[in-house]
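Residue-level structural notes
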Amino acid sequence: MSHIDPTPGQYAYDRYAPEPHQPERRRTGGARRAALTIQTLADIAAGFLVLWIALHLLGANEGNVFVEFVRGSAELLSWWSQDIFTMDTEGLRVLLNHGLPALIYLAVGHGVAARLNRA
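Source: prediction; values computed, not measured.

Counted by the stated rule, this structure contains two aromatic pairs. An angle of 75° between the planes, with centres 5.7 Å apart, marks the rings of Phe 48 and Phe 69 as edge-to-face. Pair noted here: Phe 48 is in helix α1 (residues 29–57) and Phe 69 is in helix α2 (residues 65–77), with a separation of 21 residues, a long-range link. Phe 48 sits in the partly exposed class, given a relative accessible area of 24%. We classify Phe 69 as partly exposed; its relative accessible area is 49%.

This paragraph deals with the side chain of His 98. Following the sequence through the fold, His 98 ends up in helix α3 (residues 90–118). Within polar-contact distance, the side chain of His 98 engages the side chain of Glu 75 at 3.3 Å. Beyond its immediate chain neighbours, meaning those up to four positions away, His 98 contacts Leu 49, Trp 52, Ile 53, Ala 74, Glu 75, Ser 78 and Gln 82.

The next subject is α2. Think of an α-helix as turning once every 3.6 residues; residues three or four places apart then point the same way. Its 13 residues give α2 an end-to-end C-alpha distance of 18 Å, which sits within 8% of 18 Å, the value for a rise of 1.5 Å per residue. All buried positions along α2 are accounted for by Val 67, Val 70, Ser 73 and Ala 74. One face of α2 carries all of its buried residues, which in axial projection span an arc of 130°. α2 presents Val 65 and Leu 76 as exposed residues on the side facing more than 90 degrees away from its buried surface.

Another aspect to go through is the nonpolar core. Formed by Ala 46, Leu 49, Trp 52, Ile 53, Leu 55, Val 67, Val 70, Ala 74, Val 94 and Ala 102, the largest nonpolar core amounts to 10 residues. Secondary structure elements with two or more residues in this core: α1, α2 and α3. Those residues in contact with Ala 46 that lie beyond four places of it in its chain are Ala 102 and Leu 106.

Attention shifts here to a nonpolar patch on the surface. On the surface, Ile 38, Trp 79, Trp 80, Ile 84, Ile 104, Val 108 and Val 112 cluster together into a nonpolar patch covering about 640 Å² of accessible area. Broken down by element, the nonpolar patch gets its largest block of residues, three residues, from α3. Its place among the elements puts Trp 80 in the loop between α2 and α3. Since its relative accessible area comes to 33%, Trp 80 is described here as partly exposed.

Glancing now at the pattern of salt bridges. Oppositely charged side chains may form a pair once their charged atoms are brought near each other. Summed over the entire model, instances satisfying the criterion amount to two salt bridges. Notably, a salt bridge pairs Arg 71 with Glu 62, separated by 2.7 Å at the nearest N-O pair. We classify Arg 71 as partly exposed; its relative accessible area is 37%. The exposure class of Glu 62 is partly exposed, given its relative accessible area of 36%. The residue Glu 90 makes a salt bridge to Arg 93 at a minimum N-O spacing of 2.6 Å. Separated by three residues within a single helix, Glu 90 and Arg 93 lie in helix α3, roughly one turn from each other.

The rules behind these values
- Residues numbered from 1 in each chain as written.
- Predicted model: local features only at pLDDT ≥ 70, side-chain atom pairs only at ≥ 80, totals over all residues.
- Heavy atoms only, no water.
- Phe/Tyr/Trp six-rings, centres within 6.5 Å; stacked < 30°, edge-to-face > 60°.
- Helix = DSSP H or I, 4+ residues; strand = E, 2+ residues; numbered from the N terminus.
- Buried < 20%, exposed > 50% of the residue type's maximum accessible area, 1.4 Å probe, protein only.
- Polar contact = N/O pair within 3.5 Å; in protein donor to acceptor, adjacent residues only side chain to side chain.
- Contact = heavy atoms within 4.5 Å.
- Expected span 1.5 Å × (residues − 1).
- Arc of directions from axis to C-beta.
- Core = buried A, V, L, I, M, F, W, Y, C linked by side-chain atoms within 4.5 Å.
- Patch = residues over 30% accessible without salt bridge, like charges linked within 9 Å, V, L, I, M, F, W, Y side chains within 5 Å.
- Areas by Shrake-Rupley, 256 points an atom, 1.4 Å probe, with all protein chains shown as cover.
- Salt bridge = Lys/Arg side-chain N within 4 Å of Asp/Glu carboxyl O.

Structural data, given as structure tokens:
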């Protein structure tokens, strides 16, 4: 009788083995945590900016404590983009001057997080 080699994937434990042509990557818990933290902070920053845009466009009472807090947070997060767009329409101006930083925070935050997860 001759010895017959099993075909790859024949046994259940074979599917958990890394492919021979792919190097095994070791991700540290710290890199994953840092990526998740960066991604979460970017999401929160964009969330405040989008919330302020929505509150402003819907005509929320700017004397309300919550609305004041959201506006202050949005102004702090978008200080660098204020008056990039100077439109006559107030709603469009707020949308563009706060929407741009929201998109940039999301793109940069998620990009950095993806890079950390790949490393």
